[in-house]
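# Descriptive analysis of the structure
So the chains spell out like this:
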Amino acid sequence: MTMVEAAQRIRTIRLPRIAALPALGGVLVLVFVLSLGIGAVDIAPAQVLGILSQRLLGLDLGVEYTKQQELVLWNIRLPRIIMAVLAGGGLAVAGASLQGVFRNPLADPALIGSSSGGAIGAVGIIVL
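Residues numbered from 1 in each chain as written. Predicted model: local features only at pLDDT ≥ 70, side-chain atom pairs only at ≥ 80, totals over all residues. Heavy atoms only, no water.

## Some remarks on the side chain of Gln69
Mapping Gln69 onto the fold places it in helix α4 (residues 67-102). Taking relative accessible area as the criterion, Gln69 reaches 10% and is therefore assigned buried. At 3.5 Å, the side chain of Gln69 forms a polar contact with the side chain of Gln47. Excluding residues that lie within four positions of it along the chain, Gln69 makes contacts with Val41, Asp42, Ile43, Gln47 and Ile51. (Helix = DSSP H or I, 4+ residues; strand = E, 2+ residues; numbered from the N terminus. Buried < 20%, exposed > 50% of the residue type's maximum accessible area, 1.4 Å probe, protein only. Polar contact = N/O pair within 3.5 Å; in protein donor to acceptor, adjacent residues only side chain to side chain. Contact = heavy atoms within 4.5 Å.)

This is how it looks when you write it as structure tokens:
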């Protein structure tokens, strides 16, 4: 089997792109819940789900957690993780639209000069 045949076979084995979106959404939810529990104050994934369900839905899952864990999750970790997800999503949409506009999968912000403009803006803010 030549390298070309092997590459074509790998391409035919791939999952359909439509199946990748729900799978990646599930991974995002899993990482979201796990990252809410990691930090100086340990919160188990079951406790994370218990705190979120209690505050958002009013459902008591019967999971024990302290007031400190609830406050840390709700006031510190949740806003940071939501902001990280929104920033990552925004960067993904910007990159995909840039690649779509130029019909080039290797397009990056330097192609239109936005990297240089961002660097000038950052230097100006630092100097001021």
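## Remarks on the pattern of salt bridges
The final tally for this structure, using the stated rule, is two salt bridges. A salt bridge links Glu70 to Arg55; the shortest N-O distance between them is 3.3 Å. In this pair, Glu70 sits in helix α4 while Arg55 sits in helix α3 (residues 45-57), placing the two residues 15 residues apart along the sequence. Note on Glu70: relative accessible area 11%, which makes it buried. Given a relative accessible area of 38%, Arg55 falls into the partly exposed group. (Salt bridge = Lys/Arg side-chain N within 4 Å of Asp/Glu carboxyl O.)

## Remarks on the packing of helix α2 (residues 17-37) against α3
In the contact formed by α2 and α3, the axes pass within 9 Å of each other and the chain directions differ by 100°. With respect to α3, the element α2 is oriented roughly perpendicular. Facing α2, whose interface residues are Val33, Leu34, Leu36 and Gly37, α3 presents Pro45, Val48, Leu49 and Leu52. Its residues placed into classes, the contact of α2 with α3 shows seven nonpolar, one polar and no charged. (Axes fitted to C-alpha atoms, helices over the stretch in contact; angles between N-to-C directions. Parallel < 35°, antiparallel > 145°, perpendicular 65-115°, else oblique. Nonpolar A, V, L, I, M, F, W, Y, C, P; charged D, E, K, R; others polar.)

## What to know about α3
Spanning 13 residues, α3 covers 17 Å between terminal C-alpha atoms, matching the ideal 18 Å at 1.5 Å per step. Residues Gln47, Val48, Gly50, Ile51, Leu52 and Ser53 constitute the buried set of α3. Considering only its buried residues, α3 is in contact with α2 and α4. Backbone geometry just after α3 places Gly58 at a positive phi near 75°. (Expected span 1.5 Å × (residues − 1).)

## A short note on the packing of α2 against α4
At their nearest, the axes of α2 and α4 sit 10 Å apart, and the two run at 145° to each other. Crossing handedness for the pair α2 and α4: right-handed. Contacts between α2 and α4 involve Leu28, Phe32, Ser35, Leu36 and Gly37 from the first element and Leu73, Arg77, Leu78, Ile81, Ile82 and Val85 from the second. Of the residues contributing to the contact of α2 with α4, the split by class is eight nonpolar, two polar and one charged. (Left-handed = near helix turned anticlockwise from the far one by under 90°.)

## Points about unusual backbone geometry
Trans is the common state for peptide bonds, and a negative phi is the common state for residues other than glycine. Unlike most non-glycine residues, Arg103 shows phi in positive territory, near 50°. A relative accessible area of 78% places Arg103 in the exposed class.

By themselves, these figures tell us nothing about what the structure is for.
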